[in-house]
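What the coordinates show
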Amino acid sequence: MKKLIAIVEDEPAIRENYTDLLRRHGYEVKGYATREAAMRAFQEQLPDLAILDIGLDDEMEGGFTLCRELRARSQTLPIIFLTARDSELDTVSGLRLGADDYLTKDISLAHLAARISALFRRMEALQQPIQVEKTLIRGALSLDLDRLSVRWKAQPIDLTLTEFWFVHALCQRPGHVRSRDQLMEAANILVDATSISTHIKRIRRKFEECDRQFSAIETVYGIGYRWNSPAASAAE
């Protein structure tokens, strides 16, 4: 069955350009010009991937609002921002809302197609029925690779795909430092150091909502991060 990609973009020419490209790559594509039109459709059926612009029609931050609404419906739906806005503030805001990637419109169509394909490969890898180790247990942490679920002290932690891969990479070898490049490789993304830091902060915040004493993710300044026992303390 073809993957369904939703493109939410208010410029008709740009929307049609992306739509034609992705259909040529074998995807089913539906385009929407406004947040309201997209959300009405998503209430009926969620896509396999949502590509969002930030400014939508008269809503300067309609894409951010839509991302927040989608994350409330699904913690695992892949979301990519594709926008002309390239400020660090917008990038960090998008990632904090739970987007898996943040791309600017100067990206080539071939590069965009490659990033989408890589994101789907990540999803499929997580859903493979045969795993060398289906569940990782690290103290209070339980990571289920089949169900894409994470628990801390038996409480569920809702993570995005990127966040899931970061935690998976860190907890595989507790005490060993994972560089930012290694985390990007594990999540199959290409972002700057600030974006990695934003993802880590968001992951910590989700665990802290469950456990105020959570301190398993340690920042090793200038190098990267590592997963430690609960006794370890860290701050960023």
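Residues numbered from 1 in each chain as written. Predicted model: local features only at pLDDT ≥ 70, side-chain atom pairs only at ≥ 80, totals over all residues. Heavy atoms only, no water.

Observations regarding the nonpolar core
If you look at the biggest cluster of nonpolar residues, it comprises 29 residues, and the most contacted ones within it are Ile-200, Phe-207 and Trp-227. Contributing elements (two or more residues each) for this core: strand S7 (141-144), strand S8 (149-152), helix H6 (161-172), helix H7 (180-187), helix H8 (193-210) and strand S12 (224-227). Grouped together as the second largest cluster of nonpolar side chains are 20 residues, Ala-38, Met-39, Leu-56 and Leu-66 included. (Core = buried A, V, L, I, M, F, W, Y, C linked by side-chain atoms within 4.5 Å. Buried < 20%, exposed > 50% of the residue type's maximum accessible area, 1.4 Å probe, protein only. Helix = DSSP H or I, 4+ residues; strand = E, 2+ residues; numbered from the N terminus.)

Description of unusual backbone geometry
Within the chain, Lys-153 stands out as a residue other than glycine whose phi angle is a positive 55 degrees. Among the residues examined, Lys-153 registers a relative accessible area of 51% and is labelled exposed. Even without being a glycine, Ala-154 presents a positive backbone phi close to 70 degrees. A relative accessible area of 54% means that Ala-154 is categorised as exposed.

Topic: H6
The end-to-end C-alpha separation of H6 is 16 Å, in line with the 16 Å expected for 12 residues at 1.5 Å each. The buried count for H6 comes to 11 of 12 residues, which makes it a mostly enclosed element. The set of residues buried in H6 consists of Leu-161, Thr-162, Glu-163, Phe-164, Trp-165, Phe-166, Val-167, His-168, Ala-169, Leu-170 and Cys-171. (Expected span 1.5 Å × (residues − 1).)

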